[in-house]
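Architecture and fold: a report
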Amino acid sequence: GDSVTQMEGPVTLSEEAFLTINCTYTATGYPSLFWYVQYPGEGLQLLLKATKADDKGSNKGFEATYRKETTSFHLEKGSVQVSDSAVYFCALGIQGAQKLVFGQGTRLTINP
Amino acid sequence: SQTIHQWPATLVQPVGSPLSLECTVEGTSNPNLYWYRQAAGRGLQLLFYSVGIGQISSEVPQNLSASRPQDRQFILSSKKLLLSDSGFYLCAWSVTGANVLTFGAGSRLTVL
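Described in the following lines is the structure provided in the data block. Computed from a predicted structure; not experimentally measured. (Residues numbered from 1 in each chain as written. Chains lettered and ligands numbered in written order. Predicted model: local features only at pLDDT ≥ 70, side-chain atom pairs only at ≥ 80, totals over all residues. Heavy atoms only, no water.)

Digging into the sheet that holds strand β3 (residues 19-26) of chain B
Residue and element names in this part refer to chain B. Spatially, four strands are ordered β1-β3-β8-β7 in an open sheet, and the strand pairing comes out antiparallel. Either end of the sheet is taken by a strand with one partner, and the two such strands are β1 (3-7) and β7 (65-70). Strand-to-strand twist in this sheet, taken as the mean axis angle between neighbours without regard to direction, amounts to 20°. Here β1 runs beside β3; their pairing, made up of five bridges, is antiparallel. Its bridge partner being in β3, Ile-4 is matched across the sheet by Val-25. (Pairing = 2+ DSSP bridges. Helix = DSSP H or I, 4+ residues; strand = E, 2+ residues; numbered from the N terminus. Axes fitted to C-alpha atoms, helices over the stretch in contact; angles between N-to-C directions.)

Here it is as structure tokens:
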């Protein structure tokens, strides 16, 4: 079945460090891919998305490129801030399936 | 603009007691509605989703049920709570046929 695998957390970095959170997927169709972010005590917010191969989603300095050949959608940011501390979820959606499949989430902590 | 409301925000219940979590969406018609659970240290698990009034799809067998009595109302229930029902419950909605979810702020349930 469809599934998403994220890198194990937690991840702890210093401010201004480079961030990569790995995400790979398995899907029978042609999924759309998403990154959601959950700040402490809150629900999830859409961070960025990509709907087809080679698309790059970007928002708030974060980027992720839809790589069909490696079935990946890794999240990157060049210089993280303390305010980026949150849990990040990778997800896929199959056209017509009416639902998203989420990865297990990666907790990110940025120290000043 | 569309908004999603979820309540109560926090709930502490004894084992064996009933549960009712409510979710309503404003500013849209015929949304897809979802209930997810986020257990401590674990990822996001889809529990139920609905594409219309009275139409409920259950993703995993469990102690919970869902109902959609009105177009923009989604209710998560249990007749007798178990300790394992503790977690953070998230309601979400999407436009029919689309994969982008908008989440509520969540309801934290602790079963003692």
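A few points about the pairing of strand β11 (residues 107-111) of chain B
All names here are of chain B. Going residue by residue along β11, you find Ser-107, Leu-109 and Val-111 tucked away on one face and Arg-108 and Thr-110 left uncovered on the opposite face. Taken together, the four bridges between strand β2 (residues 10-13) and β11 define a ladder with parallel strand orientation. When the sheet's bridge partners are listed, Gln-13 is paired in β11 with Val-111. Pairing of strand β9 (residues 87-94) with β11, which is carried by three bridges, proceeds in the antiparallel orientation. Within β11, the position partnered with Phe-88 by the bridge is Arg-108. (Buried < 20%, exposed > 50% of the residue type's maximum accessible area, 1.4 Å probe, protein only.)

Considerations on the interface of chain B and chain A
Counting residues at the interface gives 21 residues for chain B and 21 residues for chain A. Counting each side, the surface lost to burial between chain B and chain A is near 1600 Å², with a carbon and sulfur contribution of 52%. It is Leu-44, Asn-99 and Val-100 of chain B that lose the most area in chain B upon contact with chain A, and together they represent 35% of the buried surface on that side. In this assembly, chain B and chain A are joined by one salt bridge. Of the charged contacts in the structure, one is a salt bridge between Lys-99 of chain A and Glu-59 of chain B, with a shortest N-O distance of 2.9 Å. Inspection of the chain B/chain A interface yields five residue pairs in polar contact (both at pLDDT 80 or more). Counting residues per element, the ones that place at least two in the side of chain B that touches chain A are β4 (32-38), β5 (44-52) and β9 of chain B. (Contact = heavy atoms within 4.5 Å. Buried area = accessible area lost by both parts, 1.4 Å probe. Salt bridge = Lys/Arg side-chain N within 4 Å of Asp/Glu carboxyl O. Polar contact = N/O pair within 3.5 Å; in protein donor to acceptor, adjacent residues only side chain to side chain.)

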